[in-house]
Amino acid sequence: MPTPYDAMWEKLNLDLDAHAGLLSVLGKFYGDIYLTQQGRLKGMEYLDFVLSEVHGLRIQELQEAKAQGKKVIGTFCVFVPEELVLAADGIQVGLCAGAEAGKGEAEKILPRNTCALIKSFVGFKLSRLCPYIESSDLIVGETTCDGKKKAYEIFSDYAPVYVMEIPQMKNACDRDLWKAELLRFKEKIEEITGNAITAPKLREAIRKVNDRRRVLQRLNRLRANVPTPISGRDVLLINQISFYDDPDRFTAKIGELCDELESRIKAGEGIVPKQTPRLMLSGCPMAVPNWKLPYVIESSGAVIVGEESCIGTRNIRDLVSERAETLEEMLDAIADRYLRIDCACFTPNTERLDHISEMAKELNVDGVIHFALSFCQPYTMEAFKVEKILKEAGVPMLSIETDYSMEDVEQLKTRVEAFVEMVRK
Ligand code: SF4
Ligand code: SF4
């Protein structure tokens, strides 16, 4: 069926038939997983709308901004400092890489035993399925894992790619390297946008990104109540959308949703009964539309009350200090904040273990589900350490390795149901 966006998608050189197929699968998947939930908050209507327009209205907005000379920067990792992009009047979007479409094309140029996230972004490009990739004036990669590092080399044959080097340790020399990378990135963004990053512009951008983090922190505090007032699936969706929606609009809308949550909490209402087992997810990020595991968990009689992930707490826990006055001080504040990210690419990575046990305790969870994409070495390896630390804290953990396919849903359901029964008080 023709849509008002066909001409725009055609201009972006999408494969219109394959793209229509993707949207219809996405719509059906969304309907089954999200719209069937009972007692959702009114504020979720905004998120439903944004998701229904994920390839429509938001792309149109990006095209309009581009027509006025703005540049769009696509990213795959929370290490890329959005503050610098915004300060240069650019727009940063997270490229989802959460679907299997395009896998066949990706496997023509990548080994089969590559994680689903990498296959997804390469596959989306090769199959001409993603209007965000096609709208990006620059795609910023990072050296967080070997798979990504090598995939960006291949990807750069198809799209304009720039790679930031992320240190592997957190010693003084690593901090120096990271600061130098920030400066190199600043220059690149200034060159692409044609705009100089000044102290007032950067101060404003820091506040804007912090405001978005603050509202998501508020959401996390509210959802921690008993009974849980919002499903984990809905919070995951909010986090996912935070990567591509307009930051000011998103912050305002989630603020309204938090007000609604507060009234729900005051009325003692929950999305699930009080005694529902509370679980936390930990591990690899889950990009849109990777909703498989959260759906399996929440349809197995548990509720997710926290995500220790880059599409979750890891991305919003720390703010950039707003005390800095000069440009140099602000860049230092950005460098310090980003180096606190506890991605499994670091060695050693004891901060992550500490954060996981703190979160499990604060959220009073009955168990943790550790999620890693198959073939993701950093997270599958770290799962053993996470299990050990949680065992010491008396918190049971289930380790799941999976990809974006639907083949293992029944098997996952059996394992998750058994875990939920085990942790039920
Ligand atoms: S898990 Fe690591 S590589 Fe992935 S988005 Fe987070 S910081 Fe980046
Ligand atoms: S999921 Fe793991 S292997 Fe895949 S890109 Fe992220 S860190 Fe690398």
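Computed from a predicted model, the values in this text were never measured in an experiment.

Engineer: Just to check I follow, could you spell out the overall build of the protein for this structure?
Structural biologist: When you go through the protein residue by residue, the secondary structure sums to 19 helices and 8 strands. Taking 2.2 N^0.38 as the reference for a compact globule, 425 residues should give roughly 22 Å; the C-alpha atoms of the protein span a radius of gyration of 21 Å, in line with that estimate. Overall size of the protein, expressed as C-alpha extent along the three principal axes, is 60 × 55 × 45 Å. Split into buried and exposed, the 425 residues of the protein put 59% on the buried side. Restricting the contact set of the protein to residue pairs at least 6 apart, pairs at least 24 apart contribute 75%. For the protein, the accessible surface area stands at approximately 17,900 Å², while carbon and sulfur atoms represent 53% of it. With 55 positive and 66 negative side-chain charges, the protein shows a separation of 2 Å between the mean positions of the two kinds.

Engineer: Where do I start with the site of ligand 2 in this structure?
Structural biologist: Around ligand 2, the neighbouring residues are Cys 115, Ile 118, Cys 145, Lys 148, Cys 284, Leu 373 and Cys 376. Taking a 2 Å distance to the grid points as the criterion, the majority of the atoms of ligand 2 fall inside the largest pocket. Of the residues that constitute the shell around ligand 2, the class distribution is 6 nonpolar, no polar and 1 charged.

Engineer: What am I meant to see in the nonpolar core here?
Structural biologist: The tendency in soluble globular proteins is for nonpolar side chains to be buried as a group. Of all hydrophobic cores here, the largest spans 132 residues; its most connected members are Phe 121, Ile 238, Trp 291 and Ile 369. Looking at this core element by element, the count peaks at 9 residues for helix H11 (residues 199-223). Contacts of Ile 369, omitting those with residues within four sequence positions, involve Leu 279, Met 280, Leu 281, Ser 282, Leu 293, Ile 297, Leu 398, Ile 400, Val 416 and Phe 419. One finds Met 280, Val 305, Leu 363 and Val 368 within the second-largest nonpolar core, a separate group that totals 15 residues.

Engineer: Teacher, can you tell me more about the pairing of strand E8 (residues 397-402) here?
Structural biologist: Where strand E7 (residues 367-373) lies against E8, 6 bridges are found, and the strand directions are parallel. When the bridges of E8 are listed, Ala 372 appears paired with Glu 401. In this region the chain leaves E7, passes through helix H18 (residues 377-392) and returns to the parallel neighbour E8; the handedness of that crossover is right-handed.

Engineer: Can you walk me through the sheet that holds strand E6 (residues 303-308) in this structure?
Structural biologist: Adjacent strands of a sheet form backbone hydrogen bonds with each other and so pair up, either parallel or antiparallel. Spatially, E6-E5-E7-E8 is the arrangement adopted by the 4 strands of the open sheet, whose pairing is parallel. Among the strands making up the open sheet, the edge pair consists of E6 and E8. Adjacent strand axes in the sheet meet at a mean angle of 25°, parallel and antiparallel pairs treated alike. As paired strands, strand E5 (residues 278-283) and E6 are joined by 5 bridges and run parallel to one another. Across the sheet, Leu 281 pairs through a bridge with Glu 307, a residue of E6.

Engineer: Where do I start with the pairing of E7 in this structure?
Structural biologist: Along E7, 7 of the 7 residues are buried, which leaves the element largely enclosed by surrounding structure. The alternating pattern of E7 places Gly 367, Ile 369, Phe 371 and Leu 373 and Val 368, His 370 and Ala 372 on opposite faces, both of which are buried.

Engineer: Whenever I open this one, the sheet that holds strand E4 (residues 161-164) confuses me. Can you help?
Structural biologist: Spatially, the 4 strands line up as an open sheet ordered E2-E1-E3-E4, and their pairing is parallel. Lying at the two open borders of the sheet, with one neighbouring strand each, are strand E2 (91-94) and E4. Strand-to-strand, the axes of this sheet are offset by a mean angle of 30°, without reference to chain direction. Two strands pair when backbone bridges link them, and strand E1 (residues 72-75) and strand E3 (residues 138-142) are joined in this way by 3 bridges, in the parallel orientation. Within E3, the residue paired with Thr 75 across the bridge is Val 140. This element, helix H4 (residues 57-67), spans E1 and E2 of the sheet and lies at about 150° to E2. The strands touched by helix H9 (residues 146-155) within the sheet are E3 and E4, with E3 carrying the most contacts at an inclination of about 155°.

Engineer: Explain empty space enclosed by the protein to me, please; I cannot follow it from the model alone.
Structural biologist: The rolling of a water-molecule-sized probe over the atoms marks out the regions of remaining empty space. Here the structure, examined in full by the defined rule, presents 4 cavities of 30 Å³ or more. A volume near 230 Å³ is recorded for the largest cavity. Along the wall of the largest cavity there are 19 residues; nearest its centre are Glu 82, Gln 92, Arg 212, Phe 243 and Asn 315. Broken down by secondary-structure element, the contributors of at least two residues to the lining of the largest cavity are E2, H11, helix H15 (313-316) and helix H16 (327-339). No other element matches the 4 residues that H11 contributes to the lining of the largest cavity. For the lining of the largest cavity, a count of residues per class yields 9 nonpolar, 5 polar and 5 charged. One number sums up the size of the second largest cavity: a volume of about 100 Å³. Around the second largest cavity sit Leu 22, Leu 23, Leu 26, Val 54, His 55, Cys 96, Ala 99, Phe 124, Val 288 and Pro 289, which together line it. For the lining of the second largest cavity, the per-class residue count stands at 9 nonpolar, 1 polar and no charged.

Cut-offs applied
Residues numbered from 1 in each chain as written. Chains lettered and ligands numbered in written order. Predicted model: local features only at pLDDT ≥ 70, side-chain atom pairs only at ≥ 80, totals over all residues. Heavy atoms only, no water. Helix = DSSP H or I, 4+ residues; strand = E, 2+ residues; numbered from the N terminus. Rg over C-alpha atoms; globule rule 2.2 N^0.38 Å. Buried < 20%, exposed > 50% of the residue type's maximum accessible area, 1.4 Å probe, protein only. Contact = heavy atoms within 4.5 Å. Areas by Shrake-Rupley, 256 points an atom, 1.4 Å probe, with all protein chains shown as cover. Lys, Arg positive; Asp, Glu negative; His and termini not counted. Charge placed at Lys NZ, Arg CZ, Asp CG, Glu CD. Near = heavy atom within 4 Å. 1 Å grid on protein atoms, 1.4 Å probe; cavity = no way out; pocket = protein on both sides within 12 Å on 5 of 7 lines; lining within 4 Å. Sits in = over half its atoms within 2 Å of the grid points. Nonpolar A, V, L, I, M, F, W, Y, C, P; charged D, E, K, R; others polar. Core = buried A, V, L, I, M, F, W, Y, C linked by side-chain atoms within 4.5 Å. Pairing = 2+ DSSP bridges. Right-handed = clockwise from strand over helix to strand, strands pointing away. Axes fitted to C-alpha atoms, helices over the stretch in contact; angles between N-to-C directions. Points joined across faces, edges and corners; volume = space filled by probe spheres on them.

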